[in-house]
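Secondary and tertiary structure notes
Letter by letter, the chains look like this.
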Amino acid sequence: MLSTYLLLILVLFFLLTTLIPQYIVDWQIEYRKNSLQAAGNEIGKRIDYYLGFYDSTIYVTYIDNVTRQYAVSLDSRVMIFDDDGKIISDSNNQFKQQVLDLPQIRDALKGSTTWSNYYFNDIGNVLYLAVPVMIENNVRGGVLIANSINDLYDNVDVINNTIKTIIFIAGILITVGVAIISNHFLKPINKFYPVINKLSMG
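As a starting point, this report considers the structure included with it. Quick caveat, the model's predicted, so the values are computed rather than measured. Each chain has its residues counted from 1, running along the sequence as written. In keeping with the predicted nature of the model, local features appear solely for residues at pLDDT of at least 70, side-chain atom pairs appear and are counted solely at 80 or more, and the whole-chain, interface and lining totals rest on all residues. Excluding hydrogens and water, the side-chain values take into account all heavy atoms of the structure.

The pairing criterion is simple: DSSP has to find at least two bridges between the two strands. Where helices and strands are cited, they refer to DSSP runs of H or I of at least four residues and of E of at least two residues respectively, numbered from the N terminus. The strand order across the open sheet formed by five strands is S2-S1-S5-S4-S3, and the pairing between neighbours is antiparallel. The two strands at the open ends of the sheet, each matched to only one other strand, are strand S2 (87-90) and strand S3 (114-120). Here the strands of the sheet are splayed against their neighbours by 20° on average, with no regard to which way each runs. When strand S1 (residues 77-82) meets S2, the two strands line up antiparallel, connected through three bridges. Following the sheet pairing, Phe81 is matched in S2 by Ile87. Contacts: residue pairs with any heavy atoms within 4.5 Å of one another. Angular values range over 0 to 180 degrees, each being the angle between N-to-C directions of two axes fitted as lines to C-alpha atoms, with helices fitted over their stretch in contact. Those strands touched by helix H2 (residues 60-74) are S1, S2 and strand S5 (138-148), and its axis lies near 45° from that of S2.

Printed below as a string of C-alpha cells:
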C-alpha cells in the first residue's frame, strides 16, 4: 500500500515538473510574440509612408526616433529594413546600412510575419520577430524586433521549484499518514497471530 502511494507521488512529480512548466513557458512566449507583433505592425504604420519613397535615408532621423522610442517602450532591440533587406535604422546603431541575412527578414520581405526563439551563450534566450511593411499590397521593407525572454524562463524556474517543494512536503505527509494508518489497522491483526499459530499447531 505504501509503495503504491510512493509510486503515485513519483508519477505526479514527473508530470507536474515537466508538463506544467513547459505549458506555462509556451503560453508566455505566445503572449509575448503577439504583443511584439502588434507593436511591429504599429511601427510599420508610422514609417510606411517614408519607406514608400525611393531613398528612405532622407527620412532617417524620423525613422531613428521611432526606432529608439519603441526600443525603450518594448525593452527590445528594434531595426527597420528596406525592401532589399538593408538595415536603415537600428536602435543599437550597429548594423545601419548593412544587409542582414536572417530568415525572419527574408520571410518578411515575402509578406509573412515570422518569429524564432534563439539561445546565445552570452545573453541567453532571445525572441526574433519580423513583420512586413506593406504599401498598396507591396512589401517595402519591414520591422525586426529582438526581445530577451530570459524573464519568462526565470519565472518558470520559480514555479518549478515551488511545485517541487509542495510535492516534496506532500509526499512526506502522505508517507507518514499512510504509515500511521497502516500501523493502526495492522495492530488488531497482529494480536490474532499467536491464536492462529496455536490453532495451526493443533
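Next comes the rest of the description.
Time to look at the pairing of S5. Only protein chains enter the accessibility calculation, which uses a 1.4 Å probe; a residue whose area is less than 20% of its type maximum is buried, one above 50% is exposed, and one in between is partly exposed. Extensive coverage of S5 is indicated by the burial of eight of its eleven residues. Two elements, S1 and S5, share six bridges in a ladder whose sense is antiparallel. Among the inter-strand pairings, Arg77 is bridged to a residue of S5, identified as Ala146. In this sheet, S5 lies alongside strand S4 (residues 124-135) in antiparallel orientation, the contact comprising ten bridges. Its bridge partner lying in S5, Ile135 is registered against Asn138.

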